[in-house]
There are 4 protein chains.
Amino acid sequence: MPVQQARARSRQQKILRAAASVISRRGYQEAGIEEIAREAETSKGGVYFHFPGKESILLALLDHTSGLVRGKVEQAIAAESDPVAKADAALRVLLRTLAKHRSLARVFAVEAAGAGPQFNARVAEIQDEFVALVREQLDAAVATGAIVPMDTAIVAQAWMGALDAVLLRYVTSRPGPGRRSLDEIHETLRATLLRSIGAPVPGAAVSVAGGSPRPTNSIETNGLERR
Amino acid sequence: MPVQQARARSRQQKILRAAASVISRRGYQEAGIEEIAREAETSKGGVYFHFPGKESILLALLDHTSGLVRGKVEQAIAAESDPVAKADAALRVLLRTLAKHRSLARVFAVEAAGAGPQFNARVAEIQDEFVALVREQLDAAVATGAIVPMDTAIVAQAWMGALDAVLLRYVTSRPGPGRRSLDEIHETLRATLLRSIGAPVPGAAVSVAGGSPRPTNSIETNGLERR
Amino acid sequence: MPVQQARARSRQQKILRAAASVISRRGYQEAGIEEIAREAETSKGGVYFHFPGKESILLALLDHTSGLVRGKVEQAIAAESDPVAKADAALRVLLRTLAKHRSLARVFAVEAAGAGPQFNARVAEIQDEFVALVREQLDAAVATGAIVPMDTAIVAQAWMGALDAVLLRYVTSRPGPGRRSLDEIHETLRATLLRSIGAPVPGAAVSVAGGSPRPTNSIETNGLERR
Amino acid sequence: MPVQQARARSRQQKILRAAASVISRRGYQEAGIEEIAREAETSKGGVYFHFPGKESILLALLDHTSGLVRGKVEQAIAAESDPVAKADAALRVLLRTLAKHRSLARVFAVEAAGAGPQFNARVAEIQDEFVALVREQLDAAVATGAIVPMDTAIVAQAWMGALDAVLLRYVTSRPGPGRRSLDEIHETLRATLLRSIGAPVPGAAVSVAGGSPRPTNSIETNGLERR
DNA sequence: GATGAATGAGACTTCATTCAT
DNA sequence: CATGAATGAAGTCTCATTCAT
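Everything quoted here is computed from the prediction, not taken from an experiment.

All right, on to the overall build of chain A then. Secondary structure summary: chain A contains nine helices and zero strands in total. Across the 227 residues in chain A, those meeting the buried criterion constitute 50%. Expressed as a percentage of contacts within chain A between residues at least 6 apart in sequence, the contacts between residues at least 24 apart total 61%. Element-wise, carbon and sulfur atoms account for 53% of the exposed surface of chain A, whose accessible area totals about 10700 Å².

Structure, rendered in structure tokens:
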């Protein structure tokens, strides 16, 4: 009966959305099934009809979301041909997508740890997938000679870590003076990461720290070490 | 009564040590006051005499530990004169110290999130302290012209994030093939981060990704010291 | 519409059989409507179409089964003319029938108690029916002078209790050394019960306790038929 | 600290008493920890501090009670020298004691089955202990030649079953016409059981079935089969 | 200061039952 | 007639915290 199945599917989505909302608001531990059910306009039993337990909700949420994000990232990578550009694209999409869904980002970056070892392991797996994605591009870039040889496993981890940290700060901080816009963050991060692998930063403009960022010379014009 | 105070202090230390042990073994949520009390050779009531609640134990543990680490980092910074070397030293000390105390690192990086918003805020504060420490050095380097101007707030965050990610991976992964040694990690990370600010990498040797890392040529674009 | 009624009846039977199977396997409390429905090749809704609730299934099962057994017992009684022989026959049939359907016996003797007061009351009623059946024969035997006057209400209860206990032990025990065969049990129980009302034990042979039962002399005080 | 331990012990007793009361009133399944706690004048957590779970309360109750009863029975047995008299004494004490504590009898005879297989197994064990006690006396009686050889394992089971059934009926029935007094029950049961093993019934007086039981001839004067 | 029995709010989960399709 | 998604009351159990001793 496709009618019931359709309803079931839609209800699952509703529960997942509600779970994301409640968890991002309250944290995983404080998020009660009751509240998730209320926000999904169903009952505790209804939630347990669709999911075997609380952890599995978060797991499903994780898979669902990471699948979506991963799809976007792979799409963005495929649209570029140059390895360095691919890596750049991957980061750009991650940054945009996660920033757009603050609550989800909070859930996975911050609140996830309370969910027990199984869940942490899963988060690590997924992060590794993204790290692997980045690393593939770095390896390709090394292979083509675009960048110098390096331990791309570590570097890819570092990239993801840098991205996470900057993003988390953006996502958790309140708007105010000193807070960078997403574009500023992207620009600075992009330049920093590309420099970190010795790649040129096309059309780069860096911002100095402090109240209002102002444009500075591009990397190319910064011939100090280049001479 | 200094005698009693000393005894109280020592008892507090014992509880903190026990808490660190239990939390790193079980995670914050699973760590029961009872078990911490048992490991500290006292009773539940004893724990509550010294700390007003469970969260405050973790908070105290956090302050105690971050204070120690901070001291080491500041000492290392003071021992260097060059801003870039200072930043480099800060990272080196963080890497060494946290790697040495895996369980504590796990506690703050992974298990902490289950402890509620107050605790997360505190962790963020402490990270910001370290970020600020790094940023000061970067700002100084910019001021001396050693590196190009940049948004050091973001870059410092990225550095810490990169360090955290790489370190966390090192701390949580099991030994095996493909696992890098702490020295290899340090070398790669150092080169990557220094490159990311356009600083020269003294005595750089990079490792290629793959089974067993092997040293390669130094970065061509960084031939200044090499010539 | 006799066709539909027949189908309904057959579906009810299927559900009853499934219920008997599941309950004897899992116990009443652990037997879920879902599992019964599955085993009856229908759905939860289907079960609730035929029965108003879980308890009513067990009640119907009880009535159905006790009706069958009662029929057999009455038939066996009718086939004898001597009151004592009638009582003897009733016990024989009960013993054989319940032993043949271990699972049902378990359901009513052991698992039933979890089903609530209404069900317990019903079990008591049914037991009373059998007790009454036995008692009638005992009263007749007293009336004909075959046995001495006695409080047959109590004695009949005692008989049923003795039968239940011995049978339950047989039904719940695993095969092994020391376990009596159904024939041995019947023989001993028959002799014991007949003696208990002062009736002669035709062709009596008693078994001694211990490893392997062996026939012994008939009861001395009952030498009437033996001489 | 004996003070706290004493309090704990007394609280355990209070919980056991409350559990017996609630279970006998509501049945095992319907007996909620909350209600038991309320009746024991403590809290849910208090109950769980003293007992690891609901089933263990019933188990403790069972052990406690069966220990008491067993002690009384053994004492009564020791006070007699003749094997048949010992068996008789055992039954008398069981009858009196269980009748005196109706609620406990109900708990073990009727409500117990809902408590799961582990509990049922334990009840069976305890019943077997009493059966073994009876059987020992029967074996001794056989050995002394007081009664004829027989399969005492079965007979002892039958005795316990008879006792249980009669007692359960007494305990669960409401007072009214036709209800036998405990003394009448004892007298009839005693005569019946002694006859069942071919033992003489000293000073026996049997009651006929029907409205008001009336005394009849003693077994000895009933020379029909005796001649 | 220390102890541990006791508290009680609240968590997750189950399942007989209902009802729209 | 049948289905199975949905309900919601009730259950067992945990654990941070309190407090009399």
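Next comes the rest of the account.
Turning our eyes to something else, we now look at the environment of Arg180(A). All names here are of chain A. Within the element layout of this structure, Arg 180 appears in the loop between α8 (152-172) and α9 (182-196). Placed 168 residues apart in sequence, Arg 180 and Gln 12 show a C-alpha to C-alpha distance of 37 Å. Of the polar contacts made by the side chain of Arg 180, one reaches the backbone oxygen of Gly 178; its length is 2.4 Å.

Moving on to the protein's contact with DNA strand E. By nearness alone, 35 residues border DNA strand E, and Tyr48(A), Thr42(D), Lys44(D), Phe49(D) and His50(D) come closest of all. Among the atoms of DNA strand E close to the protein, meaning within 4 Å, 64% are from sugar or phosphate groups. A distance of 3.4 Å is found between a phosphate oxygen of DNA strand E and a side-chain nitrogen or oxygen belonging to Arg11(B). The contact in question runs from a base nitrogen of DNA strand E to an N or O atom on the backbone of Gly45(D), over 3.3 Å. Of all the secondary-structure elements, those providing two or more residues to the surface near DNA strand E are α3 (44-50) of chain A, α1 (2-26) and α3 (44-50) of chain B, α3 (44-50) of chain C together with α1 (2-26) and α3 (44-50) of chain D. Looking at the surface near DNA strand E residue by residue, the classes come out as ten nonpolar, 16 polar and nine charged.

With that settled, consider the nonpolar core. Val73(C), Trp159(C), Val73(D), Trp159(D) and Ile197(D) are the most contacted members of the largest nonpolar core, which totals 133 residues. Excluding residues that lie within four positions of it along the chain, Ile197(D) makes contacts with Arg195(C), Leu138(D), Ile147(D), Val148(D), Met150(D), Val155(D) and Trp159(D). One finds Val69(A), Val84(A), Leu138(A) and Val201(B) within the second-largest nonpolar core, a separate group that totals 132 residues.

What follows is about the environment of Leu95(D). Residue and element names in this part refer to chain D. Residue placement: Leu 95 occurs in helix α5 (residues 83-100). Judged by its relative accessible area of 2%, Leu 95 falls in the buried class. Separated by 63 residues in sequence, Leu 95 and Gly 32 place their C-alpha atoms 30 Å apart. What Leu 95 contacts, discounting residues up to four positions off in sequence, is Leu 163, Leu 167, Leu 182, Ile 185 and His 186.

Quick look at the pattern of salt bridges now. Applying the stated criterion to the full structure yields 52 salt bridges over all chains. For Glu74(B), the salt bridge goes to Arg70(B), with nearest N and O atoms at 2.9 Å. Note that Glu74(B) and Arg70(B) are positioned in helix α4 (residues 54-78) at a spacing of four residues, about one turn of the helix. A relative accessible area of 23% means that Arg70(B) is categorised as partly exposed. For Arg180(D), the salt bridge identified is with Asp151(C), shortest N-O distance 2.5 Å. Taken together, the residues Arg180(D) in the loop between α8 (152-172) and α9 (182-196) and Asp151(C) in the loop between α7 (117-144) and α8 (152-172) connect one chain to another.

On to the packing of helix α5 (residues 83-100) of chain A against α9(A). Residue and element names in this part refer to chain A. Where α5 meets α9, the closest approach of the two axes is 11 Å, and the angle between their N-to-C directions is 150°. Of the possible angle classes, the one that applies to α5 and α9 is roughly antiparallel. Considering the relative orientation of α5 and α9, their crossing is right-handed. Touching Val 84, Asp 88, Leu 91, Arg 92, Leu 95, Arg 96 and Ala 99 of α5 are Leu 182, Asp 183, Ile 185, His 186, Arg 190, Leu 193 and Leu 194, all from α9. Residues that form the contact of α5 with α9 fall into these classes: eight nonpolar, one polar and five charged.

Generally, phi is negative for residues other than glycine and the peptide bonds are trans, each holding for most cases. Even without glycine at this site, Glu41(A) takes up a positive phi of about 55°. Its relative accessible area of 57% is what places Glu41(A) among the exposed residues.

Let us look at the packing of α8(D) against α9(D). All names here are of chain D. At a minimum axis distance of 11 Å, the contact between α8 and α9 shows a crossing angle of 165°. In terms of orientation, α8 lies roughly antiparallel with respect to α9. Between α8 and α9 the crossing geometry is right-handed. Only Leu 182, Ile 185, Leu 189, Leu 193, Leu 194 and Ser 196 of α9 make contact with α8, whose side of the interface consists of Trp 159, Ala 162, Leu 163, Val 166 and Tyr 170. Among the residues making up the contact of α8 with α9, the classes are represented as ten nonpolar, one polar and no charged.

What follows is about the packing of aromatic side chains. We describe a pair of aromatic rings using the distance from one ring centre to the other and the angle between the two ring planes. Scanning all chains against the criterion turns up zero aromatic pairs over all chains. The ring of Tyr28(C) has Lys54(C) lying over it, and the distance from NZ or CZ to the ring centre is 4.6 Å.

Definitions and cut-offs
Residues numbered from 1 in each chain as written. Chains lettered and ligands numbered in written order. Predicted model: local features only at pLDDT ≥ 70, side-chain atom pairs only at ≥ 80, totals over all residues. Heavy atoms only, no water. Helix = DSSP H or I, 4+ residues; strand = E, 2+ residues; numbered from the N terminus. Buried < 20%, exposed > 50% of the residue type's maximum accessible area, 1.4 Å probe, protein only. Contact = heavy atoms within 4.5 Å. Areas by Shrake-Rupley, 256 points an atom, 1.4 Å probe, with all protein chains shown as cover. Polar contact = N/O pair within 3.5 Å; in protein donor to acceptor, adjacent residues only side chain to side chain. Near = heavy atom within 4 Å. Nonpolar A, V, L, I, M, F, W, Y, C, P; charged D, E, K, R; others polar. Core = buried A, V, L, I, M, F, W, Y, C linked by side-chain atoms within 4.5 Å. Salt bridge = Lys/Arg side-chain N within 4 Å of Asp/Glu carboxyl O. Axes fitted to C-alpha atoms, helices over the stretch in contact; angles between N-to-C directions. Parallel < 35°, antiparallel > 145°, perpendicular 65-115°, else oblique. Left-handed = near helix turned anticlockwise from the far one by under 90°. Phe/Tyr/Trp six-rings, centres within 6.5 Å; stacked < 30°, edge-to-face > 60°. Lys NZ or Arg CZ within 6 Å of the ring centre and 35° of its normal.

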